[in-house]
Amino acid sequence: MPERLRLTKNAQFYRLNEPVEDELVKTILDTASDNMNPDSGFVIDEFRQERNLDEQSFSYVYSARVFPSSRPVYFLDDDFEDKIYAFILIIEIGDYLAVLKKSCANIFDLMDEKFTLVGSKEFSSSFSDDDVEFQRLALRNMTVSDRAMRSRSYEAADLKGLLSTHSAGRSIPYYFKLRQGAKTRSISGTGRVVESSSRETIDNIAAWGYEQINLIESPSNTNFLDAFASKVELSEVLTICSPNAILIESHSLLDRLKKDGVSVKYKTKKGKVISISNRVYKNLESALEKVYEIDSDLNIMGVNDGSRVRANKKSLTLYSKYLAKFRVPENGKLITLQKYIVKHGFYSITFDDPKYMYFMGACFEDSSGISEIDNILEILQPIEAIPAVNSEKGSFTEESENFTEDSMFDVIEKIHAEDDYIFCDDLGDEWADHITFNKENSNICFIHSKHGDPSTSASNLHDVVGQGIKNLGNMYFDANAMLSKLDKTFKNYYKSGKGIQTKIPRIRKGNIDDFDWYLANLLKDYKLNRSCILCCSFLSVSDVTGEFNKIKEGKPVRGNIVQLLWIISSFAHAVKDMNARPIIYCAE
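### Some details on the overall build of the chain
- From N to C terminus, the chain includes 16 helices and 32 strands.
- Seen through its principal axes, the chain has C-alpha atoms that stretch 90 × 65 × 60 Å.
- Sorting the 588 residues of the chain into buried and exposed places 50% on the buried side.
- Residue pairs in contact within the chain that sit at least 24 positions apart in sequence constitute 69% of those at least 6 positions apart.
- Counting only carbon and sulfur atoms, one obtains 46% of the accessible surface of the chain, whose full area is about 28,600 Å².
- Computed over 73 positive and 87 negative side-chain charges, the separation of the two mean positions in the chain equals 5 Å.

So, in structure tokens, the structure goes:
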């Protein structure tokens, strides 16, 4: 009965790990047809039938099921259901399986356990730039900050030569569409290959699958996509390097909990689940924000409760007694905070080879990696006054008219003393701690400050980088938005976070009577450029340069140094992608 099937060219390909037995194929078919309507039968039920294609000189084995299923009708309150027909077709060719399916039950976990999915990278390596035109490309940015731009997509007759590959090494292609002669093909990050075609017989689908397998087996040398980051097998990465640090994506985690209205609870030693106090919540938040190093036995250092990273065949997961004591509700059940973090991928793990990183539940390789360290170091600008800084904003009284001289805010205002306008936008609906304008340099600066003890810790930087990236979009304000902020915020006096109303004007420099005219002319300036500046008293150029040079030379470094590299790199690329200039003020 295979002639009854007419299918489009839309399949996922798997590589066999070991010879396939009848029992495994039957298990796949049974799992896929688990959603078949009760008391109904199969329209088609074929099991491991062999066919020979003399014209193509190859044979294949196929298994197929077509069966009725139902799905709810969501636009009616009553219990109506749509009756549909689902199918699964498994084609065995050599050491590969091609799977075509629609509307059947989930078989992902089973296939992932028993076979190796052929990824998009293997398909993209099967053709050269001379053979194809890349017409559409969707990218996921590799970033340790949840406030960066997460994805981008591009479309053109042929993206080669049009799309800048600047920072491409930190972008993961998760979908691309290409034309190869008369054929149009799309490939997703899940390894699904779709080729435009009419509906074909099983024999023609098998011949197409055979063609794809031959392409996989005969990779090209290089192509346009090689400039981008790619997913790599975790098992292979673990043979050449080891995890050395873990960072919980605390901003993503806490924002998700807040967005969903989820309250964190605590399980006592007696097994009672109670709501946590603000003090306990603050302690938890502080613990989550830290970067923790991982030793050679995968134990998480500095915790001393048996916390560790578990290396599984295809994933790295987190075990923590501390996090397991907290509970959060999900789908009507209470689960541990540890399980919630792992399930949603709210953590990233770096390796002692910094070109690899594990996040979003997979391992990726940064193809730009170490080669861009010199470019990253160029954004660090030493400021002579920073070592004397003792706090971010200084101390306040009701009579204060300026920020104290030992504060970051005072240092910033002195650095930018030659700018035309300086506004303090700290607290409230802030775009930055300071916003400055300079007509002579055709420049607008958004400045974000963070004070801390001298350190190469990634934790302090992670927070201020998040603030900077979060507000990149605000750097391209229109005149009305800035004038509204002038009236609602800048014309007021500064009130400290502890509620002290000072006499410090938020307009730190400039004549606001002329600002409307000034701003209109500046925004029309074709030379206008923007800078996103982080002022970090805890960093020094010499310390960071020394540690990053060790990475370049292949010397071992602590886990937090690798995290620091990734975070600064994420900041630099996010800012450059917005056509702005990244700068970090720090100590010498």
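### Structural notes on helix α4 (residues 202-217)
- In this model α4 runs 22 Å from its N-terminal to its C-terminal C-alpha over 16 residues, within 8% of the 22 Å that 1.5 Å per residue would give.
- Buried residues of α4: Ile202, Asp203, Ile205, Ala206, Ala207, Trp208, Gly209, Gln212, Ile213 and Ile216, and no others.

### Section: the sheet that holds strand β12 (residues 230-232)
- Reading across the sheet, the 6 strands line up as β12-β23-β22-β21-β13-β16 and stay open at both edges, with antiparallel pairing between neighbours. At either end of the open sheet lies a strand with only one pairing partner, and these are β12 and β16 (291-293). Each neighbouring strand pair of the sheet contributes to a mean axis angle of 30°, computed without reference to strand direction.

### Concerning the packing of aromatic side chains
- In this structure the tally under the stated criterion is 26 aromatic pairs.
- Joined through ring pairs, the aromatic side chains of Tyr421, Phe423, Trp431, Phe437, Phe446, Phe477, Phe490, Phe515 and Tyr518 make up one cluster.
- Against the face of Trp431 rests Lys485, its NZ or CZ located 4.8 Å from the ring centre.
- If you follow Arg530 out to its NZ or CZ, it ends over the ring of Tyr476, 4.1 Å from the centre.

### Looking at unusual backbone geometry
- Even without glycine at this site, Ser103 takes up a positive phi of about 65°.
- Inspection of the secondary structure assignment puts Ser103 in the loop between β5 (96-102) and α2 (108-114).
- For Ser442, which is not glycine, the phi torsion reads 50° and is therefore positive.
- You can see Ser442 is positioned in the loop between β26 (434-438) and β27 (443-450).

### Regarding the packing of helix α6 (residues 250-259) against helix α9 (residues 337-344)
- Packing of α6 against α9 leaves a shortest axis separation of 11 Å and a crossing angle of 105°. With respect to their mutual orientation, α6 and α9 come out roughly perpendicular. Along the contact surface, α6 presents Leu253, Arg256 and Leu257, while α9 presents Leu337, Tyr340, Ile341 and His344.
- Residues of the contact of α6 with α9, tallied by class, amount to 5 nonpolar, 1 polar and 1 charged.

### Observations regarding the sheet that holds strand β24 (residues 380-382)
- Pairing is mixed in the open sheet, where 7 strands are placed in the order β24-β32-β31-β27-β26-β25-β30. The strands lining the two open edges of the sheet, one partner per strand, are β24 and β30 (507-509). The mean angle between the axes of side-by-side strands here comes to 25°, regardless of whether they run parallel or antiparallel.
- Bridge count between strand β25 (residues 421-424) and β30: 2 bridges; the pairing is antiparallel. Considered in β30, the bridge of Ile422 is made with Lys509.

### Things to note about a nonpolar patch on the surface
- Nonpolar side chains collect at one region of the surface, where Phe75, Leu76 and Phe80 lie side by side and expose about 350 Å² of accessible area between them.
- Within the element layout of this structure, Phe75 appears in the loop between β3 (58-72) and β4 (81-93).

### Structural notes on the environment of Asn390
- Position of Asn390 among the secondary structure elements: in the loop between β24 and α11 (408-415).
- Each C-alpha atom, one on Asn390 and one on Ser407, is 6.1 Å from the other, the two residues being 17 residues apart in sequence.
- Dropping the residues within four chain positions of it, Asn390 is found in contact with Asp406 and His451.

### What to know about the confidence of the model for the chain
- The pLDDT averaged across the chain works out to 85; a share of 94% of its residues lies at or above 70.
- Here helix α3 (residues 120-124) stands out as the least confident element of the chain, with mean pLDDT 76; β26 is the most confident, with 95.

### A look at the packing of helix α15 (residues 541-552) against helix α16 (residues 559-577)
- Direction vectors running N to C along α15 and α16 enclose 100°, while the axes themselves pass 10 Å from each other. What the angle tells us is that α15 and α16 run roughly perpendicular. Contact with α15, carried on its side by Val544, Glu547, Phe548 and Ile551, involves Ile561, Leu564, Leu565 and Ile568 of α16 and no other residues of that element.
- When the residues that make up the contact of α15 with α16 are grouped by side-chain class, the tally is 7 nonpolar, no polar and 1 charged.

Reading the values: the criteria
- Residues numbered from 1 in each chain as written.
- Predicted model: local features only at pLDDT ≥ 70, side-chain atom pairs only at ≥ 80, totals over all residues.
- Heavy atoms only, no water.
- Helix = DSSP H or I, 4+ residues; strand = E, 2+ residues; numbered from the N terminus.
- Buried < 20%, exposed > 50% of the residue type's maximum accessible area, 1.4 Å probe, protein only.
- Contact = heavy atoms within 4.5 Å.
- Areas by Shrake-Rupley, 256 points an atom, 1.4 Å probe, with all protein chains shown as cover.
- Lys, Arg positive; Asp, Glu negative; His and termini not counted.
- Charge placed at Lys NZ, Arg CZ, Asp CG, Glu CD.
- Expected span 1.5 Å × (residues − 1).
- Pairing = 2+ DSSP bridges.
- Axes fitted to C-alpha atoms, helices over the stretch in contact; angles between N-to-C directions.
- Phe/Tyr/Trp six-rings, centres within 6.5 Å; stacked < 30°, edge-to-face > 60°.
- Lys NZ or Arg CZ within 6 Å of the ring centre and 35° of its normal.
- Parallel < 35°, antiparallel > 145°, perpendicular 65-115°, else oblique.
- Nonpolar A, V, L, I, M, F, W, Y, C, P; charged D, E, K, R; others polar.
- Patch = residues over 30% accessible without salt bridge, like charges linked within 9 Å, V, L, I, M, F, W, Y side chains within 5 Å.
- Salt bridge = Lys/Arg side-chain N within 4 Å of Asp/Glu carboxyl O.
- pLDDT = per-residue confidence, 0-100.

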